[in-house]
Amino acid sequence: MELRALGSQGLQVGAEGLGCMGMSAFYGATDETESLATIDRALELGVTLLDTAEGYGPFVNEQLVGKAIAGRRDQVVIATKTGIEIDDDGAVRGHNGRRSYIHRAADRSLRHLGTDHIDLYYLHRVDPDVPIEESIGAMAELVTAGKVRYLGISEAAAATIRRAHAVHPLTAVQTEYSLFERGLEDNGVQATLDELGIGLVAYSPLGRGFLSGAITSPDDFAEDDFRRTDPRFQGENFASNLAVVDAVRRLAEAKKVTPSQLALAWVLRRGAVPIPGTKRRGYLEENIAATGVTITDEDIAAIEAVAPRGIASGDRYAAEYMRNLNG
């Protein structure tokens, strides 16, 4: 797999990473054996960036990734996240971007991952009650201490990214980005990243699976799958979004690729590093094949015609989570 510079601070990663969240949380039943096999296969195929967070589980996803990389730490770039306070017993307390919590959480993540350093450490969400300078300053102290190599931030506003970058250079910003979600093109985030030389890591690059073409009904989801509460998968929104997916599918068929591969190749063409999440080897192999798909200017125009900015119907999260975005 092609290696890409992520940002301008020296970090290189495979062109496509692997989002590990669904192996432990939010997307229905889990299977540790298949998840470990999926990570094994990802590394065989050239994936280097594994994305996790202390909040996925909580903790169990970091522990899973730690188990998967034991004995081959030098083959992977581990990205994990902090800033949402979690007690040691797993109770979630809400935002906490204070220095004391960030330091405590980093040490806990290192234990769970079974490593002495985190390659890319994100502030998962901006704490509205703590100046960003304090949060990033605490994370910068972890870099100085050798516990973290590079810093990032997730779902932050353009002005916040600037303030954070002034404290310590950011390597990456992680945000949702796909044919269904292109808000960063309009809210100044993309322009800020380009100006400051910060890389873009795109989570949910398949629109939480919608753009795979495999979802045909909300009934496809398990009872504990959080997409049952996602506005884009409900009522009239679902029908409207499914029509867009059908149009993307037709373009993919004409190009002799799958809808997932077309959607991922579009994100790759935009210069982002996508981290599609999966817990199965079959989907992983399909997704990684997108790195070999060439997207032409004609393809871009055809995709833009059926999936322009703002095409998705419904907010990308339920209301209580929307206020945590663009902090």
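Residues numbered from 1 in each chain as written. Predicted model: local features only at pLDDT ≥ 70, side-chain atom pairs only at ≥ 80, totals over all residues. Heavy atoms only, no water.

Asks: What's the story with the UniProt feature "domain: NADP-dependent oxidoreductase" (unreviewed entry) in the protein in this structure? I'm lost.
Replies: In the UniProt entry, the feature "domain: NADP-dependent oxidoreductase" (unreviewed entry) is given for residues 17-306. Within the segment residues 17-306, helix and strand shares are 41% and 15% respectively, and the terminal C-alpha atoms sit 27 Å apart. (UniProt positions renumbered as here; feature names shortened; annotations may be inferred. Helix = DSSP H or I, 4+ residues; strand = E, 2+ residues; numbered from the N terminus.)

Asks: Just to check I follow, could you spell out the side chain of N61 for this structure?
Replies: Checked against the element boundaries, N61 lands in helix 2 (residues 60-69). N61 sits in the buried class, given a relative accessible area of 0%. Leave out the neighbours within four places in its chain, and N61 touches C20, M21, M23, S24, D51, T52 and Y56. (Buried < 20%, exposed > 50% of the residue type's maximum accessible area, 1.4 Å probe, protein only. Contact = heavy atoms within 4.5 Å.)

Asks: Is there a simple way to explain the pairing of strand 10 (residues 172-176) in this structure?
Replies: If a strand is regular, its side chains alternate between the two faces of the sheet. Of all 5 residues that make up strand 10, 5 are buried, and the element is covered over most of its length. Relative to strand 10, strand 9 (residues 148-154) runs parallel, the two sharing 3 bridges. Its bridge partner being in strand 10, I153 is matched across the sheet by V173. The β-α-β motif built from strand 9, the intervening helix 5 (residues 158-167) and the parallel element strand 10 has right-handed crossover chirality. (Pairing = 2+ DSSP bridges. Right-handed = clockwise from strand over helix to strand, strands pointing away.)

Asks: Sorry, what's going on with unusual backbone geometry here?
Replies: The phi angle of most residues is negative, glycine excepted, and most peptide bonds adopt the trans form. The residue after G57, namely P58, is reached through a cis peptide bond having omega -5°. One can find P58 in the loop between strand 4 (49-51) and helix 2. Unusually for a residue other than glycine, F26 sits at a positive phi of about 75°. Within the element layout of this structure, F26 appears in the loop between strand 3 (18-19) and helix 1 (32-44). Phi at S204 is positive, roughly 50°, even though this residue is not glycine. Here S204 is to be found in the loop between strand 11 (199-203) and helix 7 (235-255). Of the residues examined, S204 reaches a relative accessible area of 15% and is grouped as buried.

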